[in-house]
Amino acid sequence: MAKHPDSFFIQRTISRPVGISGVGIHSGADVHLELHPAPPDAGICFRRVDCGIEIQALSNHVSSLELATTLGKDDVQISTVEHLMAAVAMCGVDNLFVDLDGPEVPILDGSALPYCRLLAAAGFRRQDALRKIMAITSPIEVDKGDGRAIRLSPYPGLRVTYGIDYGDFEPIGHQTIDVEVKPVSFERDLAPARTFGLLRDVERMHEAGLGLGGNENNCIVYDDQGPINTQLRFDDEPVRHKALDALGDLALTGSPIWGHLEVERGGHALHFSMLEALEDNRDCWTWMGGETTPLRQPVIQRAPLRIAASGLQ
């Protein structure tokens, strides 16, 4: 085993295979998912066992940001990866095979908590390889000029400050959260927060072939009076879920990040713009820990992406 004074810098995988089945919230397809241990430096690799396609969970494979983050290769898609990716990253798993027999990661209860529990049931195993951390050394900011902005600045660990603004829609309105993100705080404060949407958007989503698997057990639906199908787990559950999504999207760098992430009026498209900014501003971050061997670099796909402005979040 490679030696390092801090075990945090040692790569991990899971100890044994585990599986779970569920519906894809957008496709409506029933999907079986299995997690398998992977060798050192393998990263997170999605494998469509129904068609034999493997897709690395890296930003260069992002093919769509339409109401979810979708990876694609050779016309094969794996949608809604963000909740699983957040759980994998926050549980400190570096190497993992994710096998699916369908086009979308199961939504389960709409949060990342079931995936945290699935990973815990699998157990964790250290590997004979050292982890590297992407440490932010200078601020990087993307300001869209319409109130949407995202920023990463130096921080000794990971911190997320997130704000959303639903204007005159009083049941949500303006919400903010600030969390020092560690495994315990993630599972307590962010992982349980569920996907949400507005009742007025449901018909439009269905017409677009999206949200077909949504039901009262896997998302929060709001009308003008508030949630109509469930009790909230947090008074500010929507903004907590947005912060969860951001962590899952930024995991597509292929490595943990140390920095302070600040987002206002964010979504998958804005999160992806930070992945692009990290690629374009390599002088604003450095690798920490491990040896000097190359790590998977974030390579950004510049092709047009499908992006939607509203719907299930």
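Residues numbered from 1 in each chain as written. Predicted model: local features only at pLDDT ≥ 70, side-chain atom pairs only at ≥ 80, totals over all residues. Heavy atoms only, no water.

Colleague: Looking at this structure, I do not really get the nonpolar core. What am I missing?
Modeller: Here is a general trend for soluble globular proteins: nonpolar side chains tend to be buried in one another's company. Core analysis: the biggest nonpolar cluster contains 77 residues, and Phe46 and Phe186 have the highest contact counts within it. Not counting residues within four places of it along the chain, the set of residues in contact with phenylalanine 46 comprises Ile53, Glu54, Ile55, Ala57, Leu71, Ile78, Val81, Leu84, Met85, Val98, Leu100 and Val105. Ranked by size, the runner-up nonpolar core spans five residues in total, among them Val23, Ile25, Ile107 and Val221. (Core = buried A, V, L, I, M, F, W, Y, C linked by side-chain atoms within 4.5 Å. Buried < 20%, exposed > 50% of the residue type's maximum accessible area, 1.4 Å probe, protein only. Contact = heavy atoms within 4.5 Å.)

Colleague: Hey, could you run me through the sheet that holds strand E5 (residues 53–56) in this one?
Modeller: Adjacent strands of a sheet form backbone hydrogen bonds with each other and so pair up, either parallel or antiparallel. Read from one edge to the other, the open sheet built from five strands follows the order E2-E3-E9-E4-E5, with strand pairing classed as mixed. Strands with a single pairing partner mark the edges of an open sheet, and in this sheet they are strand E2 (18–23) and E5. The sheet shows a mean angle of 20° between the axes of neighbouring strands, direction not considered. Where E2 and strand E3 (residues 30–37) come together, six bridges link them in antiparallel fashion. From the neighbouring strand, valine 23 faces E3, where its bridge partner is aspartate 30. Set on the sheet, helix H2 (residues 113–122) makes contact with E2 and E3; between it and E2 the angle comes to about 160°. (Pairing = 2+ DSSP bridges. Helix = DSSP H or I, 4+ residues; strand = E, 2+ residues; numbered from the N terminus. Axes fitted to C-alpha atoms, helices over the stretch in contact; angles between N-to-C directions.)

Colleague: Got a minute to help me understand the pairing of strand E12 (residues 140–143) in this structure?
Modeller: As a general feature of sheets, a regular strand has side chains that alternate between the two faces. A one-sided burial pattern is seen for E12, the buried positions being Ile140 and Val142 and the unburied ones Glu141 and Asp143. Sheet topology places E12 next to strand E13 (residues 149–153); four bridges connect them, and they run antiparallel. Bridge assignment links isoleucine 140 to a residue of E13, and that residue is leucine 152. Taking the residues between adjacent antiparallel strands as the criterion, E12 and E13 are bridged by five residues, where glycine 145 takes a positive phi near 80°.

Colleague: Sorry, what's going on with the pattern of salt bridges here?
Modeller: If charged atoms from side chains of opposite charge come close, those side chains can pair. The tally for this structure, following the rule as stated, stands at 12 salt bridges. As a salt-bridge pair, glutamate 262 and arginine 151 come within 3.5 Å of each other at their nearest N and O atoms. Of this pair, glutamate 262 sits in strand E19 (residues 257–264) while arginine 151 sits in strand E13, placing them 111 residues apart in sequence. The structure contains a network of salt bridges with shared partners spanning Glu141, Arg151 and Glu262. (Salt bridge = Lys/Arg side-chain N within 4 Å of Asp/Glu carboxyl O.)

Colleague: Teacher, can you tell me more about the state of the cysteines here?
Modeller: Joining two cysteines, a disulfide is a covalent bond between their sulfur atoms. In total, this model carries zero disulfides according to the counting rule given. With no disulfide of its own, cysteine 116 lies closest to cysteine 91 among cysteine sulfurs, the gap being 4.4 Å. Cysteine 116 gets classed as buried once you look at its relative accessible area, which sits at 3%. (Disulfide = S-S within 2.5 Å.)

Colleague: Explanation requested: helix H3 (residues 183–190) in the structure shown.
Modeller: At 3.6 residues per turn, the α-helix brings residues three or four places apart onto the same side. Inspection of H3 places Ser185, Phe186, Asp189 and Leu190 among the buried residues, and these make up the whole buried set. Viewed along the axis of H3, the buried residues span an arc of 105°, placing them on a single side of the element. The exposed residues of H3 that point more than 90 degrees off its buried face are Pro183, Val184 and Arg188. Residues of H3 that are buried sit in contact with helix H1 (82–90), H2, strand E15 (174–180) and helix H5 (237–250). (Arc of directions from axis to C-beta.)

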